[in-house]
Amino acid sequence: MLPLGLTPKHFINVITLGAPLLVGLIAEFFMYTADSAMVGRLGTDHLAAIGIATMFAELLWVIVWPFAPGTQALAARRFGRQKAALDNRPAAYPTLQHATGLVLDNALVVAFAAGVVAIGIASFSHHILALLIDNEELIRKAESYIGIIKYLMPIAGVFFAMYGFLAALNLTRVVMVASVGLNLLNILFNYALIFGKFGLPALGIEGAAIGTLLAQSIGTAFLTVYILLARPTKNYGCLRFKGLRGILMGDIFSAASPMIAQLSVSMSIFLVYEALVESLGTIYLAVTHVLFMSFIFVRTMIEGFAEGGSILVGNHLGVGEREEATRYAYAAELISIAIGAVMITFIFLFPQHIVGLFNQEPETIALGTKGLRFIAGFFFIGAFGFPIEVIFTHNGWGRYALFCEFIPVVTFTLGLTLLLVKYFKMGIYAAWLSCGLYIVFYTILLIAGFLSKRWLEVQVESKAS
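So, here's what we can say about the structure. Once a new chain begins, its residue numbering starts again from 1 and follows that chain's sequence as written. Per-residue local features of the predicted model are confined to residues with pLDDT of at least 70, and side-chain atom pairs are confined, for both listing and counting, to 80 or more; whole-chain, interface and lining totals are unaffected and use all residues. Excluding hydrogens and water, the side-chain figures rest on all heavy atoms present in the structure.

With that out of the way, let us pick up empty space enclosed by the protein. Here a cavity means grid points, on a 1 Å grid over the protein atoms only, where a 1.4 Å probe fits yet cannot get out; a pocket means an open set of points with protein on both sides within 12 Å along at least five of seven lines; lining residues are those with an atom within 4 Å of a point. Grid points are joined across faces, edges and corners, and a volume is the space filled by probe spheres set on the points. Under the counting rule described, the total for this entry stands at 4 cavities of 30 Å³ or more. A run of DSSP states H or I qualifies as a helix once it reaches four residues; a run of E qualifies as a strand once it reaches two. Both are numbered from the N-terminal end. Put simply, the parts of the chain that give the lining of the largest cavity at least two residues each are α1 (8-40), α2 (44-64), α7 (153-168), α11 (246-278), α12 (282-317) and α15 (362-393). For the lining of the largest cavity, the element with the most residues is α12, which contributes 9 residues. Split into classes, the residues belonging to the lining of the largest cavity amount to 19 nonpolar, 9 polar and 8 charged. Of the pockets and cavities examined, the second largest cavity occupies roughly 80 Å³. Taken together, Phe270, Tyr273, Thr288, Leu291, Phe292, Phe295, Ile375, Phe379, Trp432, Cys435, Tyr438 and Ile439 make up the lining of the second largest cavity. Going through the elements one at a time, α11, α12, α15 and α17 (428-452) are the ones with two or more residues in the lining of the second largest cavity. Under this grouping Gly is polar, as are all residues other than the nonpolar Ala, Val, Leu, Ile, Met, Phe, Trp, Tyr, Cys and Pro and the charged Asp, Glu, Lys and Arg. By residue class, the composition of the lining of the second largest cavity is 11 nonpolar, 1 polar and no charged.

The structure is reproduced here in structure tokens:
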């Protein structure tokens, strides 16, 4: 018997569900990395431009992505009750299965609408970027990417709602197949459209956006066909839209909206942060983008198992088994810390190889090597907080995660960076230090919330839904 009542079963179950999600998330990460790495081969100015463009695109993605955990938060608990009925109330199983399926139809409507809103926000991209950056050529290149990628958002909203639903049903391997497939297609499309291969025109940064749009559309179509026709899902009655309920849509939006707010605030501030870094020089922006991509990769490696744990937490909370839910949360945390330690060691030992994936210019590699070694320790501290955030946001306590994000990101990423870089002229290391302190305090707040056990008391559904 392990501490806290943990047994090997807890770790095995988290790994079993989390491993396919991790594979999918890695593939998703490489979709974003492919955009940056391939466009970066066109020069440091292109790498800086794709850095700004993808950061703005993240503002659009965060409007639709939270409908994956938002959908999961409700569906996982309903699925937990559905599974329990097989042993205790088998006659109630079909009704509970239908109730689980209703979550997806209602989530799809809300997520698609959010994607349309994202298109509207993207229409103001030029005005927003012009407020932050003086380099007109950089803005022009970034806008050529944003102007295409914005049309992906309603499709992505549908994809993420399906992602959350299938994950809640423990069908993480299906999610893995869709994620890996669409991201392999994205790399292929990028290669062909950025550089003009296979007889296609060389479209540069615009080709990266078109490739992503095509790949995501195919991935969404695959999940749609699976849910309609596959044996594990066809009896849920999904995609018929006969049980649309305003209250249920409201519950799904309530579960997703704190994450939308959290990530929107965070991405907006990091967009300002990148503008402050750009004022120091284009090379500093290019290198900072590499640091961010490395940071995201560490989170990705952790997030797969954290999501696996969050599903099991939700399943057990659905039937009131709080002690078992807590054990799965601890199992996910311990696995994530171990993975984080491995990843940070690799970053510290081989930083030049990581930077070289994005850009081969000697000055960029030299600065990036120093930057990765400087920030690596902060990344490891973040490994303690990331899985807790996933457990909170995927189980209805997104409001607390929003609080944990808001205070440090405003204080350090924005406030301290502005003070040290703009007024005291302390340079790039001051900007990187400010970002590192954000990670530290964000982690402290998340751990405090986890130890409070208030996340076990959260209700994700209105009684009438």
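For salt bridges, the criterion is a side-chain nitrogen of Lys or Arg within 4 Å of an Asp or Glu carboxyl oxygen. Applying the stated criterion across every chain yields a total of 7 salt bridges. Arg322 is the partner of Glu457 in a salt bridge, and the nearest nitrogen-oxygen pair spans 3.0 Å. Taken together, the positions of Glu457 in the segment after α17 and Arg322 in helix α13 (residues 322-349) put the pair 135 residues apart, joining distant regions of the chain. A 1.4 Å probe rolled over the protein chains alone gives each residue an accessible area, and that area as a share of the maximum for its type sets the label: buried under 20%, exposed over 50%, partly exposed in between. For Glu457, a relative accessible area of 46% corresponds to the partly exposed category. Through salt bridges with shared partners, one network takes in Lys9, Glu323, Glu324 and Arg327.

Before going further, it helps to spend a moment on the environment of Met38. With respect to the helices and strands, Met38 occurs in helix α1. Look at Met38 and you get buried, because its relative accessible area is 15%. In sequence terms Met38 and Gly281 are 243 residues apart; their C-alpha atoms lie 22 Å from each other.

Of note in this structure, Asn170 is not a glycine but carries a positive phi near 65°. With respect to the secondary-structure elements, Asn170 resides in the loop between α7 and α8 (172-195). Positive phi, close to 65°, is recorded for Leu239, a residue that is not glycine. According to the relative accessible area criterion, Leu239 is buried, its value standing at 19%.

Further remarks concern the side chain of Glu307. Relative to the helices and strands, Glu307 resides in helix α12. For the purpose of charge, His is not counted, nor are the chain termini; Lys and Arg are scored as positive and Asp and Glu as negative. Notably, Glu307 is buried but unbridged: the nearest opposite-charge side chain belongs to Arg299, and the N-O separation is 8.9 Å. With sequence-adjacent residues up to four places away left out, Glu307 is seen in contact with Leu21, Leu25, Gln72, Tyr163, Val390 and His394. We call two residues in contact when some of their heavy atoms are within 4.5 Å.

This brings us to the packing of aromatic side chains. Between the rings of Phe, Tyr and Trp (Trp by its six-membered ring), a pair exists once the centres lie within 6.5 Å; its type follows the angle of the planes, with under 30 degrees stacked, over 60 edge-to-face, and the other angles tilted. Per the stated rule, a full pass over the model turns up 27 aromatic pairs. Ring centres of Phe346 and Phe350 lie 5.2 Å apart, and the angle between their planes is 45°; on these two criteria the pair is classed as tilted. In this structure Phe346 comes out as partly exposed when scored by relative accessible area, which is 41%. Between the aromatic rings of Phe392 and Trp455, the centroid separation amounts to 6.3 Å while the plane-to-plane angle is 40°, which identifies the pairing as tilted.

Position of Ser336 relative to the elements: it lies in helix α13. Of the residues examined, Ser336 reaches a relative accessible area of 0% and is grouped as buried. For Ser336, the contacting residues outside a window of four places in its chain are Ile302, Ala306, Ala383 and Pro387.

This part is about the packing of α7 against α8. Axis definition: a line fitted to C-alpha atoms, limited for helices to the stretch in contact. Angles are taken between N-to-C directions and run from 0 to 180 degrees. Here α7 crosses α8 at 150°, and the two axes come no closer than 8 Å. Between α7 and α8, the crossing angle belongs to the class labelled roughly antiparallel. In terms of crossing hand, the pair formed by α7 and α8 is left-handed. For the pair α7 and α8, the contacting residues are Phe159, Tyr163, Leu166 and Ala167 in the first and Thr172, Val174, Val175, Ala178, Ser179 and Leu182 in the second. To sort the angles, those under 35 degrees are grouped as roughly parallel, those over 145 as roughly antiparallel, those from 65 to 115 as roughly perpendicular, and the leftovers as oblique. By definition, any crossing whose near helix is turned counterclockwise from its far helix by less than a right angle is left-handed, and any crossing with a clockwise turn is right-handed.

A few words on the nonpolar core. Here the nonpolar core consists of buried residues drawn from Ala, Val, Leu, Ile, Met, Phe, Trp, Tyr and Cys, with membership extended through side-chain atoms lying within 4.5 Å. With 154 residues, the main nonpolar core has Tyr145, Leu166, Phe392 and Trp455 as its most contacted residues. Broken down by element, the residue count for this core peaks at 16 residues, all from α12. Those residues in contact with Phe392 that lie beyond four places of it in its chain are Trp397, Gly398, Tyr400, Leu446, Gly449, Phe450 and Trp455.

Let us now look at the packing of α12 against α17. Packed helix pairs are characterised by how far apart their axes lie and by the angle those axes make with each other. Relative orientation of the contacting elements α12 and α17 amounts to 20°, with a least axis distance of 11 Å. By the criterion of interaxial angle, the relationship of α12 to α17 is roughly parallel. The way α12 lies across α17 gives a crossing that is right-handed. Across the interface between the two elements, Tyr284, Val287, Thr288, Leu291, Phe292, Phe295 and Arg299 of α12 pack against Ile428, Trp432, Cys435, Ile439 and Tyr442 of α17. Class assignment for the residues of the contact of α12 with α17 results in 10 nonpolar, 1 polar and 1 charged.

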